[in-house]
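So you can see what is in the structure, the chains are spelled out below.
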Amino acid sequence: MTNFGSSAPVALSVSNVWKVFGRDHGSFKSRPASARTAEAMAKDHLVGAVQAASFDIRKGEVFVIMGLSGSGKSTLLRCLTRLIEPSEGEIRFDGQDILSLNETALADLRRRKMGMVFQHFALLPNRTVLGNIAFPLEVQGIARAQAEDRARELVSLVGLSGRESRLPSELSGGQQQRVGIARSLATNPDFWFLDEPFSALDPLIRADLQDEVQRLQREHSRTAVFVTHDLDEAIRLADRIAIMENGRIVQIGTAEDLVTRPATDYVRRFVAKVPPARVICASSLIKAPVAAVSGLTVSGDATIADIASKIVADAGEITVVDPMGKPIGLLDRQKALETMAMKI
Amino acid sequence: MASDALRGKGFGWVYGAASVVVFLAVSILVLPSDFAGSPNAPWLGVAAWVDRAMTWLVRDASIGGLALSDLTRALAAAAQAPIEAMQKVLAEGWVTGAGFNKTQILPPMSWLGLTLGCAFVAYRLAGPALAIFAVVSGLYLASFGLWISAMMTLASVLFCVLVALLLGLALGIRAHRAPHIEPVVRAIMNVMQTVPIFSYLLPTLLLFGYGPSAALFATVAYAMPPMVHATVLALQAVPSDTLDLARMTGCSRRQTLWRVELPVAMPRLAIGLNQVVMMTLNMVIIASMIGAGGLGYDVLRALRRLDFGAAFEAGMAIVVLAVLLDRMTQAMARRQSAGTTGTSGLRTGIILAGLVIVPTLASLAVPALALWPKAATLSIAQPLNDAVSYINQRFFDPLDSLRTFALLKLMNPFRDALQMLPWPLAISAVAVLAGWLGGRGAAFSVFAMGLFVVVTGYWSATMGSLYLTILAVLLSLALGFPFGIWVAAKPRMQQGVQLLLDTLQTLPTLVYLLPAVMLFRNGDFSALIAIVSYSVAPAVRYAIDGMRHVPPERVEAAAMAGCSKWQTFRYVRLPAALPTLLLGVNQTVMMALSMLVIAALVGTRELGQQVFTSLSQGLAGPGIVAGLCVACLALIIDTLLKAAAARAVQRNGVAHD
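From a predicted model like this one, the values you see are computed outputs, not experimental measurements.

Let's shift gears to the overall build of chain B. Helix and strand content of chain B: 28 helices and four strands. Going through the 657 residues of chain B one by one, you find that 51% of them count as buried. Sequence separation of 24 or more characterises 80% of the internal contacts of chain B that already satisfy a separation of 6 or more. Only carbon and sulfur atoms are counted for the fraction: they give 68% of the accessible area of chain B, which is about 30900 Å².

Below, the discussion takes up the overall build of chain A. A tally of helices and strands in chain A yields 13 helices and 14 strands. Here the C-alpha radius of gyration of chain A, 22 Å, is about what a compact globule of 344 residues would show, namely 20 Å. Viewed in the frame of its principal axes, chain A has a C-alpha envelope of about 60 × 60 × 35 Å. A buried classification covers 51% of the 344 residues belonging to chain A.

Once that is clear, we can look at the sheet that holds strand β12 (residues 296-299) of chain A. Residue and element names in this part refer to chain A. Pairing is mixed in the open sheet, where four strands are placed in the order β11-β14-β13-β12. Of all strands in the sheet, those bounded by a partner on one side alone are β11 (286-289) and β12. Strand-to-strand twist of the sheet, defined as the mean angle between neighbouring strand axes without regard to direction, takes the value 40 degrees. As paired strands, strand β13 (residues 318-321) and strand β14 (residues 327-331) are joined by three bridges and run antiparallel to one another. Across the sheet, threonine 319 pairs through a bridge with leucine 330, a residue of β14. Strands in contact with helix α12 (residues 304-313) are β12, β13 and β14; relative to β12, the strand with the most contacts, it is inclined by about 170 degrees.

Okay, helix α21 (residues 459-488) of chain B next. When the terminal C-alpha atoms of α21(B) are compared, their 41 Å separation across 30 residues agrees well with the 44 Å that a helix rising 1.5 Å per residue should span. By the criterion of burial, α21(B) is predominantly enclosed, with 21 of the 30 residues buried.

All names here are of chain A. The interhelical angle for the contact between helix α4 (residues 129-139) and helix α6 (residues 173-184), taken along N-to-C directions, is 30 degrees, at an axis separation of 8 Å. With respect to each other, α4 and α6 are oriented roughly parallel. The handedness of the crossing between α4 and α6 comes out as right-handed. On α6, the residues that touch Val129, Asn132, Ile133 and Pro136 of α4 are Val179, Ala182 and Arg183.

Residues and elements named next belong to chain B. Within the fold, asparagine 282 resides in helix α12 (residues 253-292). You can call asparagine 282 buried: its relative accessible area is 10%. Between the alpha carbons of asparagine 282 and alanine 322 there is a distance of 8.7 Å; along the sequence they are 40 residues apart. Among residues more than four places away in sequence, those in contact with asparagine 282 are Ile197, Tyr222, Pro508 and Thr509.

Residue and element names in this part refer to chain B. Helix length check: helix α5 (residues 111-126) (16 residues) gives 22 Å between terminal C-alpha atoms against 22 Å at 1.5 Å per residue, within 8%. Looking at α5, one finds that the buried residues are Trp111, Gly113, Leu114, Thr115, Gly117, Ala119, Phe120, Ala122 and Leu125. Looking at where α5 begins, the residue whose side-chain oxygen comes 3.0 Å from the main-chain nitrogen of leucine 112 is serine 110.

This next bit is on the interface of chain B and chain A. Tallying the contact residues gives 19 residues for chain B and 26 residues for chain A. Buried surface at the junction of chain B and chain A, both sides included, amounts to about 1900 Å², of which 60% is carbon and sulfur. Contact with chain A buries surface across chain B, with B:Asp241, B:Met248 and B:Arg259 losing the most and accounting together for 35% of the total. Across the salt bridge formed by B:Asp244 and A:Arg78, the nearest N and O atoms sit 2.9 Å from each other. Taken together, chain B and chain A are joined by nine residue pairs in polar contact (both at pLDDT 80 or more). Sort the elements by how many residues they give to the side of chain B that touches chain A and helix α11 (residues 240-248) of chain B lands first, with six residues.

Moving on, we get to a nonpolar patch on the surface. Together, B:Tyr390, B:Ile391, B:Phe395 and B:Leu519 line one region of the surface with nonpolar side chains, adding up to about 350 Å² of accessible area. A relative accessible area of 38% means that B:Phe395 is categorised as partly exposed.

Moving on, we get to the pairing of strand β1 (residues 10-22) of chain A. All names here are of chain A. Across nine bridges, β1 lies against strand β2 (residues 46-58) in antiparallel orientation. In the strand pairing of β2, lysine 19 is matched with valine 50. Sheet topology places β1 next to strand β4 (residues 88-93); five bridges connect them, and they run antiparallel. Counterpart to leucine 12 in the pairing with β4 is phenylalanine 93.

Below, the discussion takes up the pattern of salt bridges. Taken as a whole, this structure holds 31 salt bridges over all chains when the rule is applied. For A:Glu61, the salt bridge is made with A:Arg240, and the minimal N-O distance between the two is 2.5 Å. Of this pair, A:Glu61 sits in the loop between β2 and β3 (62-66) while A:Arg240 sits in strand β9 (residues 240-245), placing them 179 residues apart in sequence. For A:Glu61, a relative accessible area of 1% gives the class buried. Across the pair A:Asp108 and A:Arg112 runs a salt bridge, and its minimum N-O distance is 3.2 Å. One end of the pair is A:Asp108 and the other is A:Arg112, both in helix α3 (residues 103-113) and four residues apart, which spans about a single turn. Classification of A:Arg112 as partly exposed rests on a relative accessible area of 45%. The network of salt bridges with common partners includes A:Arg78, A:Asp195, B:Asp241 and B:Asp244.

This part covers the confidence of the model for chain B. All names here are of chain B. Averaged over every residue, the pLDDT of chain B is 80; residues scoring 70 or more account for 87%. Predicted confidence in chain B is weakest over helix α2 (residues 32-36), with a mean pLDDT of 49, and strongest over α11, with 92. Counting interchain partners and residues more than four positions distant, the pLDDT-below-50 stretch residues 1-10 has one contact. At the level of chain-chain contacts, confidence expressed as ipTM amounts to 0.85, with global pTM at 0.76.

This part takes up the nonpolar core. Residues A:Leu12, A:Leu80, A:Phe193, B:Leu141, B:Met411 and B:Leu513 are the most contacted members of the largest nonpolar core, which totals 208 residues. The next biggest cluster of nonpolar side chains, apart from the first, holds 61 residues, and it includes A:Ala151, A:Ala302, A:Ile307 and A:Leu331.

Time to look at unusual backbone geometry. Of note in this structure, A:Ala52 is not a glycine but carries a positive phi near 50 degrees. Residue placement: A:Ala52 occurs in strand β2.

Residues and elements named next belong to chain B. Relative to the assigned elements, serine 110 resides in the loop between β4 (103-106) and α5. By relative accessible area, serine 110 is classed as buried at 0%. Only 3.0 Å separates the side chain of serine 110 from the backbone nitrogen of leucine 112, close enough to count as a polar contact. Here serine 110 is in contact with Pro359, Thr360, Ser363 and Leu369, once residues within four sequence places are set aside.

Residues and elements named next belong to chain B. Relative to the assigned elements, asparagine 385 resides in helix α17 (residues 381-394). Reaching out from asparagine 385, the side chain makes a polar contact with the side chain of aspartate 307 at a distance of 2.7 Å. With residues up to four places along the chain from it excluded, the contact list for asparagine 385 reads Asp307, Phe308 and Gly309.

With that settled, consider the environment of B:Ala376. All names here are of chain B. Note on placement: alanine 376 falls in the loop between α16 (367-370) and α17. Judged by relative accessible area, alanine 376 falls into the partly exposed class, the value being 35%. Through-space distance from the C-alpha of alanine 376 to that of glycine 145 is 9.2 Å; in sequence the pair is 231 residues apart.

This part covers the environment of A:Ser284. Residue and element names in this part refer to chain A. Looking at the secondary structure, you find serine 284 in the loop between α11 (276-279) and β11. Given the relative accessible area of 39%, serine 284 is considered partly exposed. Separated by 238 residues in sequence, serine 284 and leucine 46 have C-alpha atoms that sit 44 Å apart. There is a polar contact of 2.3 Å between the side chain of serine 284 and the side chain of glutamate 256.

How each quantity is defined
- Per chain, residues are indexed from 1 in the order of the written sequence.
- Whichever chain is written first is A, and whichever ligand is written first is 1; the rest continue in order.
- Two thresholds apply to this predicted model, a pLDDT of at least 70 for residue-level local features and 80 or more for giving and counting side-chain atom pairs, whereas whole-chain, interface and lining totals are computed over all residues.
- Based on all heavy atoms of the structure, the side-chain values leave hydrogens and waters out of the count.
- Only runs of H or I of at least four residues qualify as helices and only runs of E of at least two qualify as strands under DSSP, and these elements are numbered from the N terminus.
- For each residue, the accessible area found with a 1.4 Å probe, counting protein chains only, is set against the maximum for its type, and the residue is called buried under 20%, exposed over 50%, and partly exposed in between.
- Contacts are residue-level and defined by heavy atoms, with any inter-residue pair within 4.5 Å sufficient.
- Where accessible areas are quoted, they stem from the Shrake-Rupley method and a 1.4 Å probe; at the residue level, only the protein chains shown are allowed to cover.
- For the radius of gyration, the atoms used are the C-alpha atoms, and the globule rule reads 2.2 Å times the number of residues raised to 0.38.
- Pairing between strands is defined by DSSP: at least two bridges between the two strands are required.
- Here an angle of 0 to 180 degrees is reported between the N-to-C directions of two axes, which are lines fitted to C-alpha atoms, with helices fitted over the stretch in contact.
- Helix span, expected: 1.5 Å multiplied by one less than the number of residues in the helix.
- Angle categories are assigned with fixed cut-offs, so that under 35 degrees is roughly parallel, over 145 is roughly antiparallel, 65 to 115 is roughly perpendicular, and the rest are oblique.
- Handedness of a helix crossing follows the sense of rotation of the near helix relative to the far helix, less than a right angle counterclockwise being left-handed and clockwise being right-handed.
- The term polar contact refers here to a pair of N or O atoms within 3.5 Å; inside protein, the definition further demands a hydrogen-donor-capable atom paired with an acceptor-capable atom, and it admits residues adjacent in sequence only when both atoms are side-chain atoms.
- Note on terms: buried area is the combined drop in 1.4 Å-probe accessible area of two parts once they are placed together, counting the loss on both.
- Salt bridge, as used here, is a side-chain nitrogen of Lys or Arg placed within 4 Å of a carboxyl oxygen of Asp or Glu.
- A patch consists of residues exposed above 30% relative accessible area that lack any salt bridge, with like charges linked at up to 9 Å and nonpolar side chains (Val, Leu, Ile, Met, Phe, Trp, Tyr) linked at up to 5 Å.
- pLDDT runs from 0 to 100 and stands for how confident the predictor is about each residue.
- Nonpolar cores are built from buried Ala, Val, Leu, Ile, Met, Phe, Trp, Tyr and Cys residues. Side-chain atoms within 4.5 Å join them into one set.

Here it is in structure tokens:
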């Protein structure tokens with residue numbers, strides 16, 4: 001988890017995206033803004049599964065879309081990739097408007113730039129591990145041998161070496177999703193979409209795979225959109241989190257933003273069980289700027305929980321530094337201790 | 001909302017009652033003589049119209065100057081070639097000249113080679129048990145002199161399966177892609193599956209001429225519907241995630257179909273293949289009776305000679321062929337769904353080819369390998385015939401009195417009573433029942449189908465069919481349900497019973513006639529026995545399924561409430577199983593109806609007989625219309641029982657198919 005400055009360029013820009021279901025969904029475009037409230041649309045049997053979603057995702061950022069089931073998070077993800085056609089809005093990948101692309105150009109963009117991991121793995125039961133991972137390459141018409149070479153690299157990347165010729169039915173759920181992850185990265189995509197990838201797995205395996213995703217992001221950071229209903233997972237993986245409620249994005253921010261400055265009651269209730277020490281960063285609790293390092297140093301984007309042992313063990317001053325090692329300021333020990341003691 | 005629905009229903013009932021009264025009044029006033037009696041002469045010459053239409057089709061119809069019959073005959077000839085080629089490969093070998101000038105260019109595949117090859121594939125698919133069964137089957141067919149007939153049958157089966165499979169797949173894919181055609185296809189398929197098997201033969205005979213290729217077209221028309229259905233279901237069952245994957249990886253339409261949809265759907269498609277193979281075998285056996293040659297013809301010829309032993313031998317050949325084909329295709333389907341690797345691979349191919357080719361080449365030197373020597377042919381026909389006549393002599397009195405009693409005291413009175421029934425009353429009563437169970441649409445369609453039977457002049461024959469069906473179904477249920485319920489409580493027995501049921505259901509219908517005719521000669525009683533022995537299997541199966549799927553927590557709740565065994569059965573198990581049991585009744589009826597037509601071979605007097613007679617006289621009109629009457633009967637009963645099952649589901653939970 002790194003705090004994203006505004007330095008990286010925008011990779012995926014989403015503005016005012018709507019997805020409306022209902023018998024007469026075609027008429028939606030001609031509705032004035034005033035007739036687009038949930039009540040007004042319900043009167044005409046329209047349901048806004050995604051309503052006026054707007055955000056920018058920067059290159060290399062992990063953007064988590066979070067919400068309860070039925071909040072529209074998977075629909076939003078599918079609108080971004082045009083697996084579901086949005087009713088209205090604009091979606092730009094590296095500046096290119098994908099809603100204006102025809103079938104062929106869209107397929108081409110997906111082949112080159114996108115990878116996706118599915119909730120129920122979506123492995124092809126007739127293909128081996130290697131065959132499944134090589135599938136996106138084969139679709140592009142890459143020669144079999146070459147595709148399998150690349151697939152072999154990915155097999156070892158996700159830790160499945162020795163299982164290349166197994167069929168999906170011979171793998172555990174966690175191993176199957178490792179195959180799914182490897183397959184989604186086979187074409188080395190710039191954009192990585194993960195649709196509740198771990199919700200079908202049990203908690204221990206889920207934690208393993210979350211580590212795996214973090215490791216893969218460290219080795220090669222991709223612009224990722226990750227959908228989940230698990231707040232814990234979101235906090236672990238996200239640079240920023242968007243919380244959805246009934247088709248609307250109610251707040252976008254870092255985990256710390258959501259916990260310390262919830263925009264609505266809904267968000268407040270959502271994050272109520274999160275221990276603040278887990279999300280509040282050292283850089284947020286600085287009492288005075290300093291020019292030089294004195295005593296222990298901690299990284300500014302480390303959470304209070306991360307550095308708790310240092311705070312407790314040492315009574316001296318602790319200096320907070322930025323990623324380059326430059327000092328930012330002295331940690332407010334009192335506030336840090338209060339944060340650690342805060343009831344949830 | 002609820003009161004609206006009730007009011008709507010109320011109005012419906014008022015209209016319904018009014019229309020029934022009007023209909024009855026008109027029937028009495030306009031047709032006084034026919035009200036009490038049963039019309040046998042058609043009011044509308046539907047049969048004659050169909051006849052004329054068929055004649056026109058065959059004689060005069062043309063497409064752009066090309067006569068339709070020429071076209072169909074050409075198609076028949078085109079289809080003839082591959083079947084003959086396959087028969088040559090399997091049974092006859094390539095021969096030139098005739099009589100003394102006959103010289104063989106290529107030998108047919110050796111029976112030994114084919115048996116070994118089949119055993120090898122069986123071993124790879126399902127293990128040693130099936131391989132041994134394959135060897136025994138091959139030896140039986142060869143040593144009893146049934147090899148050539150069996151291979152003629154097999155050649156037709158293989159070719160028909162191939163055609164039905166490809167056409168079924170293509171149609172299924174089309175139907176899946178265009179959701180609005182799908183219900184239409186399904187409706188056509190439903191009718192096609194209830195029309196009796198003989199009705200398919202008639203138009204094809206007229207259009208395609210007499211011979212194996214006419215049978216091919218009838219067989220394909222008969223066996224294709226389940227493949228279309230299976231294809232649509234299999235494609236619908238492809239998970240949406242998997243389809244999203246295809247789109248996200250940028251698959252083209254063709255790539256999506258061939259690399260994603262079909263492979264993922266393969267296990268279900270393989271189940272469809274199994275159905276196609278079994279239906280094809282059934283139809284090929286029936287079709288071979290009209291002169292295409294093969295095992296079915298052998299059975300019928302032996303029956304006509306009253307040579308039960310020979311009929312039994314040929315019948316057993318059908319049985320081993322059916323069981324072998326069924327088990328192999330099922331094993332294939334199972335392997336598919338287990339996701340284990342197939343039997344493909346170069347090494348397997350080489351072994352297989354070696355197993356088949358080496359004995360075939362050796363047969364050039366050793367003729368016994370080409371065809372089992374006549375001198376060494378075995379037969380148990382004589383002792384079997386002796387046994388049958390011994391039983392018939394020794395037990396003539398009890399058997400004959402049983403038959404006479406059943407016929408005179410039960411069956412004939414029931415039939416007469418049904419045929420006495422005034423048809424307007426009968427149709428209205430059934431329509432009202434359908435309306436009560438399933439709503440206005442059901443009432444209307446039931447009424448229309450009933451009327452069709454009346455106006456075409458088959459009312460009496462239909463009642464003849466209905467009486468046999470009702471008796472057979474009641475007997476099957478009386479035997480099957482208690483047995484199934486009993487077995488369901490004995491987990492250890494279930495596997496054996498399931499295997500037996502599976503085997504019974506794979507046997508072609510013709511086989512079921514044999515034991516009945518051996519013991520009770522021709523007539524309605526034999527037909528009844530044959531129908532019951534065919535339709536008892538689904539009764540048992542659904543009884544087991546229904547009882548096994550009773551929610552265990554309800555049984556526990558009953559036990560905690562202190563119910564006795566009988567009370568648990570009466571108040572918990574039976575209501576929970578009811579929807580499934582009703583489906584079982586439906587399935588039993590459908591099986592009984594499909595057997596009814598085959599039972600016409602032993603001399604019944606009802607619709608099946610009408611169809612069969614028209615077939616032997618080459619009368620397309622009556623044959624097709626009588627066949628449609630059977631379909632009407634089946635669809636009426638189907639509508640009633642499905643509606644009843646749906647009501648039971650609403651009250652008691654899920655039906656298990």
